[in-house]
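# Architecture and fold: a report
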Amino acid sequence: MKQHLTTDAGKTIVKKIGLVYQINIAPKKIGFKVIYTIDLKKGEGLKYAGAYEGGKADAVFSFKDDDFVKIALGKMNPQIAFMRGAMKIKGSMSAATKFTPDIFPKPSKM
């Protein structure tokens, strides 16, 4: 992800979106949720573990781990995931709609 955001395509995404996203991923079974922040407001775009330190994220997404993987790989449509309750959103819905698969690097083919 970090390498993707430093490419020309990634820099274009950062300029175009200019928002901060927080992703909460909970395991299917009992365990601790993991929090990631994707900061597309600053320069090259930063991705790091933990909650956003610069205030409040523009949109917060909550997933189960297997649903997140399906969405990130393009195997599940984010809109359908939201309607089915597989993805929950807090914050600005306008910001959430700008969180598209273009943000993620394309899976490499082996």
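Preceding this section is the structure that the text describes.
First, a word on what this report is: a plain description of the structure on this page. Not measured: the values here are computed from a predicted model.

What counts, and at which threshold
- Within each chain, residues carry numbers counting from 1 in the order of the written sequence.
- Only residues with pLDDT of 70 or above have their local features reported here, since the model is predicted, and side-chain atom pairs are shown and tallied only from 80 upward, although totals for entire chains, interfaces and linings are computed over all residues.
- In computing side-chain properties, one takes all heavy atoms of the structure into account and sets aside hydrogens as well as water.
- Helix and strand definitions follow DSSP, with helices as H or I runs of at least four residues and strands as E runs of at least two, each counted in order from the N terminus.
- Note on definitions: a residue-residue contact is assigned when non-hydrogen atoms from the two residues lie within 4.5 Å.
- One side-chain nitrogen of Lys or Arg within 4 Å of one carboxyl oxygen of Asp or Glu is enough to make a salt bridge.
- With a 1.4 Å probe rolled over the protein chains alone, any residue whose accessible area is under 20% of its type maximum counts as buried; one over 50% counts as exposed, and the rest are partly exposed.

By secondary structure assignment, the location of Phe 63 is in strand S4 (residues 59-64). Distance in space between the C-alpha atoms of Phe 63 and Met 87 is 5.1 Å, their sequence separation being 24 residues. Excluding residues that lie within four positions of it along the chain, Phe 63 makes contacts with Ile 23, Asn 24, Ile 25, Ala 26, Phe 68, Ile 71, Ala 86 and Met 87.

Following the criterion strictly, the structure yields one salt bridge and no others. The partner of Asp 58 in a salt bridge is Lys 41, with the nearest N and O atoms 3.8 Å apart. Residue Asp 58 is found in the loop between strand S3 (46-49) and S4, and its partner Lys 41 is found in the loop between strand S2 (34-39) and S3; the two are separated by 17 residues along the sequence. On the accessibility criterion, Lys 41 (46% relative accessible area) is partly exposed.

A few words on the side chain of Asn 24. Positionally, Asn 24 belongs in strand S1 (residues 20-26). The exposure class assigned to Asn 24 is buried, which follows from its relative accessible area of 7%. Those residues in contact with Asn 24 that sit more than four places away from it in its chain are Lys 33, Val 34, Ile 35, Val 60, Phe 61, Ser 62 and Phe 63.

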